[in-house]
Amino acid sequence: MYEQLGKVDSRPYSKRRVLAHMTLAQRRAIIGLLFVLPGILPLFIFVVYPMVSALYLSFTNWQLVGTPVLQGFGNYTDLLGDTQFHQSLIVTLEVAVGTALPSALLAFVVALLLDARVRFTGWYQPLFFLPTILPTVVTAIVWSMFYQGNGIINAGLGLAIPWLTDARWALPALIFMLIWTNLGYFTVIMLAGVRNIPHDYYEAARIDGAGAFRMAWHITLPLVRPVLLFVVVIATSNALTLFAQPYLLTQGGPAGATRPLAELIYDTAFSYLNIGKATAMSFILLLLSLLVVYVQFYVLRPKDI
Amino acid sequence: MKNMTLCTRLNASIYILIALLLSLIVTACTTTTAPSNTVTITYWTHVNPPVNKVEQQLIARYEALHPNVKITYLPVDINSLSTKLTTAFAGGSGPDIFNYFQSYAPALEQRGLIAPIDYTSFGVKDENAFAARYLPSIVNGFSYKGAVYGVPHEISSYIFWINTARFQAAGLDPAKDFPKTWQDVATIGAKLTIRDNGRTKQEGFTPTLYNSLTDILNLDAMTHQAGGSLFSNDGKVATVNSPAAATALQTWADFAHVWKIYDPSLSPASGGVDLFGNGTAAMTSYGGTFEVSVLQQDFPQTYKHYTVGPWPRFANGPDSGADLYGFGLYVSKTSQYQAEAWKFARYLADNGDTYFRDAGLWLGDNATLNGSATRDFPHWEVFKAAFSSGVFLPPLTHFTQITDIIERAIQRSVLNGQSAQASLDQAQGEIQPLMYAWRGRQAASYSSEEEAAFR
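About the cut-offs
- Residues numbered from 1 in each chain as written.
- Chains lettered and ligands numbered in written order.
- Predicted model: local features only at pLDDT ≥ 70, side-chain atom pairs only at ≥ 80, totals over all residues.
- Heavy atoms only, no water.
- Helix = DSSP H or I, 4+ residues; strand = E, 2+ residues; numbered from the N terminus.
- Rg over C-alpha atoms; globule rule 2.2 N^0.38 Å.
- Buried < 20%, exposed > 50% of the residue type's maximum accessible area, 1.4 Å probe, protein only.
- Contact = heavy atoms within 4.5 Å.
- Pairing = 2+ DSSP bridges.
- Axes fitted to C-alpha atoms, helices over the stretch in contact; angles between N-to-C directions.
- Core = buried A, V, L, I, M, F, W, Y, C linked by side-chain atoms within 4.5 Å.
- Domains from an automatic or database assignment.
- Buried area = accessible area lost by both parts, 1.4 Å probe.
- Polar contact = N/O pair within 3.5 Å; in protein donor to acceptor, adjacent residues only side chain to side chain.
- Nonpolar A, V, L, I, M, F, W, Y, C, P; charged D, E, K, R; others polar.
- Salt bridge = Lys/Arg side-chain N within 4 Å of Asp/Glu carboxyl O.
- Expected span 1.5 Å × (residues − 1).
- Arc of directions from axis to C-beta.
- Phe/Tyr/Trp six-rings, centres within 6.5 Å; stacked < 30°, edge-to-face > 60°.

### Quick word on the overall build of chain A
Across its full length, chain A holds 15 helices and 2 strands. Relative to a compact globule of 305 residues, whose C-alpha radius of gyration would be 19 Å, chain A shows 27 Å and is clearly more extended. The principal-axis extents of the C-alpha atoms in chain A amount to approximately 90 × 65 × 30 Å. Split into buried and exposed, the 305 residues of chain A put 40% on the buried side. In chain A, 67% of the contacts between residues at least 6 apart in sequence involve partners at least 24 apart.

And the structure:
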């Protein structure tokens, strides 16, 4: 058929002639590309293009209005001596460390308890998930009331701790709220992983005389490792891009003690109008995220049992 | 159609589709370029329900008076107005006229986004004639590099508020014991503070916190009262770590740490603006004319038991009160209807009485200050004295960044207990490079003589 087409239209470089000279695989590749184009095109427009633009802008001095002026690595070198950037970077890492592993382990423990099918499990499960479906603004307002000097926590425990207005307490208070917020979501994921493990393994272990702790340690934990990795990566990703909760709870205070990098990037871009510096910070955050996730994948990679 | 091949039919469909698209584009273009006598002016302001209601009524009246003018009115949340405005300008759009906090305006002027006032719209020839509408110090707050850019549209200054019922409960006389100095605030505040098991039940005094705008205004005012200033008058030199500034901040921090009459943990993030209203705090240094209607509507109990007086001073310090601050009407330099926008600004500015009577907002004009609308306003003489003695912050091109730096310095001392001098030294180190950047050169390139000349 293609030979016939070639005979019908013998003009040099015509479309039909080009198609005629293609192999079947090439033609299929083009057709395939045309089919996925509606999916790829938005990805290029809304993800790849903005990322490349942001990378370019990170080497410029641009104040949102006017033309960006190239200045090389100036924004990156400025960040080396920027105390606010250092403080926010440390806060971001502290939140990541403080939330990722504790969230995953707590979710694992709660999932084991829920899997034990004790009485009223049907009631507990929605309760654990409730914080996840609450709007962030509501959660932050409620917790800011709890954390007030004369709030329910101090009154209930007979304490007088300035939870959100003391730099020593503000970050732990924020981390606790974040763990509480995401526990239900991570528990559901972990529970799915736990319930996927064949019961034969436990029966065999029980016959061999293994107790509940040994079964959890030697059977459940190794087999939910991929789920654990997923939870840790998601929790870390949430922590590295954290913005709303500290913004609502403490506005980054006291004195920047709870201001994560995402909030500093937002302020630098849209309040201080320093787009070049903000995009440079974003790329450092991106590289940091990739590095952290790589380490997590390496440490929690599947191993032979 | 039957005789047409699949290819021919497809081609025909494509041609029809292209023809349809072209006709749509032509129609759209024709619609947008249709000649019209109506001028549409976009006006952005911040959300303030009583004021927004007044302005909607004024706009309706203006449109009735000028049938060829249509005003598109958009109140925006005050916290996002700055970002929305800048991104709109960056995108080549933005309002024709907007209401904006005057300290943000120098940054817009620096980027060439706002136009100087068209005095002819106000029926005057020059700045002096325009300034005569207002108190002598008012127009300074809207001037930059020798030109006036904003029409004063909301002017305020803080005075000192006490809860008379709390005073009487503590055995104090609200008139006789009204604090005149910051030392008085500490002494009287101690008598008003009530604690239970280490937790504060009633604060003697609450200043603001967590609001970088009000906090820089308070620190600047207290620094003036201590005999110094945070910035030079032209805004080109920062002296935020001067001894006067350190005295001011240390006093603020001592309310929490030494005299313990102020408990910041009672209102994290919200800054304590409601604590006086809900009766938790017996005294506050926050609030202008707007606070009267806030108390009346939201805190009727405190509204029955409040009185006001001048801001306290430092003993033996200069006799100055709180800073002046305000919002102005600015016209976009890119607007194609600048003349119409200034005329509309003039119309709003001429309705000072309506703004004050219906929304408690003073536009800074002499006519309202001494007119009938303000005559019956509670404690008007106290407000009037504050307006007459206050000064504005100087123009700062990196205002947002500087206020954030100052806010962190305040929080380091007031919340974390760091010494005011050390905290302000750090702030000075962060602010000075911004000043150098504004002057257009690197810090190292300035000789000591040049630096002295700036000072």
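Having seen the model, we can carry on.
### Comments concerning the pairing of strand β11 (residues 306–309) of chain B
Residues and elements named next belong to chain B. A two-sided burial pattern is seen for β11, the buried positions comprising Y306 and V308 on one face and T307 and G309 on the other. Both strand β7 (residues 160–163) and β11 contribute to a ladder of 4 bridges, which runs antiparallel. By the bridge assignment for β11, N163 is matched with Y306.

### Some remarks on the sheet that holds strand β2 (residues 69–76) of chain B
Residues and elements named next belong to chain B. Pairing within the open sheet is mixed, and its 5 strands lie in the order β2-β1-β3-β12-β6. The open sheet is flanked by β2 and β6 (151–157), the only strands paired with a single partner. Within this sheet the neighbouring strands show an average axis-to-axis angle of 15 degrees, counted without direction. The pairing of strand β1 (residues 39–46) with β2 spans 8 bridges and is classified as parallel. Of the residues in β2, the one forming a bridge with Y43 is Y73.

### So, the nonpolar core
Generally speaking, a soluble globular protein has its nonpolar side chains buried in company with each other. In this structure, V151, F231 and M283 of chain B are the most contacted members of the largest nonpolar core, which totals 131 residues. The greatest single-element share of this core, amounting to 8 residues, is contributed by helix α9 (residues 243–257) of chain B. Counting contributing residues, this core receives three or more from each of domain 1 (38–156 + 324–377) and domain 2 (160–321 + 410–421) of chain B. Among all residues touching F231 of chain B, those that are not within four sequence positions of it are I216, V237, A238, T239, V240, L393, P394, L396, I402 and M435 of chain B. Residues Y76, V95, M177 and L285 of chain A belong to the second largest nonpolar core, which totals 40 residues.

### Quick look at the environment of D115 of chain A
All names here are of chain A. Looking at the element boundaries, D115 is found in helix α5 (residues 83–115). When the C-alpha atoms of D115 and V138 are compared, they prove to be 30 Å apart, with 23 residues separating the residues in sequence. Ignoring any residue separated from it by four or fewer positions in sequence, one finds D115 in contact with L191, V194 and R195.

### Points about the interface of chain B and chain A
Contact residues are listed per partner, giving 26 residues for chain B and 33 residues for chain A. Taking both partners together, chain B and chain A bury about 2,600 Å²; carbon and sulfur atoms supply 56% of that area. Of all residues in chain B, R111, R199 and R408 of chain B bury the most surface against chain A, accounting for 24% of the area lost on that side. Put simply, chain B and chain A have 8 residue pairs in polar contact (both at pLDDT 80 or more) between them. At the level of elements, α3 (78–90), β9 (199–202) and α17 (399–414) of chain B are the ones that each hand at least two residues to the side of chain B that touches chain A. A per-element tally of the side of chain B that touches chain A places α17 of chain B first, with 7 residues. The residue inventory of the side of chain B that touches chain A, partitioned by class, reads 10 nonpolar, 10 polar and 6 charged.

### Details of the domain arrangement of chain A
Interfaces are frequently sized by the accessible area removed from exposure as the parts join. Residues and elements named next belong to chain A. What the domain assignment reports for chain A is domain 1 (2–57) and domain 2 (76–300). Taken together, the contact pairs 4 residues of domain 1 with 6 residues of domain 2. Here domain 1 meets domain 2 over a buried area of about 390 Å², counting both sides, of which 78% is carbon and sulfur. Linking domain 1 to domain 2 there are 0 salt bridges. Run the count over domain 1 and domain 2 and you get 0 residue pairs in polar contact (both at pLDDT 80 or more). Looking at the side of domain 1 that touches domain 2 residue by residue, the class counts come to 4 nonpolar, no polar and no charged.

### Overview of the side chain of S332 of chain B
All names here are of chain B. Position of S332 among the secondary structure elements: in the loop between β12 (324–331) and α12 (338–349). Here the side chain of S332 touches T334 through a polar contact of 2.8 Å, side chain to side chain. When sequence neighbours within four positions are dropped, the list of residues in contact with S332 reads F89, P95, D96, F98, L113 and Q338.

### Side note on helix α2 (residues 49–65) of chain B
Residue and element names in this part refer to chain B. Look at α2: 24 Å from first C-alpha to last across 17 residues, which is about the 24 Å you get at 1.5 Å a residue. Taken together, the buried positions of α2 are V51, N52, V54, E55, L58, I59 and Y62. Relative to the axis of α2, the buried residues are bounded by an arc of 155 degrees and lie together on one face. The exposed residues of α2 that point more than 90 degrees off its buried face are P49, K53 and A64.

### Notes on the packing of aromatic side chains
Residue and element names in this part refer to chain B. For the structure on display, the rule yields 52 aromatic pairs over all chains. Summarising the aromatic geometry, the rings of F356 and F377 are spaced 5.0 Å apart at their centres and angled 65 degrees between planes, so their arrangement reads as edge-to-face. Of this pair, F356 sits in helix α13 (residues 352–359) while F377 sits in the loop between α15 (372–375) and α16 (380–389); the two residues are 21 residues apart in sequence, bridging distant segments of the chain. An aromatic cluster of at least three residues, connected via ring pairs, comprises F89, F98, Y100, F101, Y104, Y158, Y286, F290, Y325, F327, Y330 and F399.

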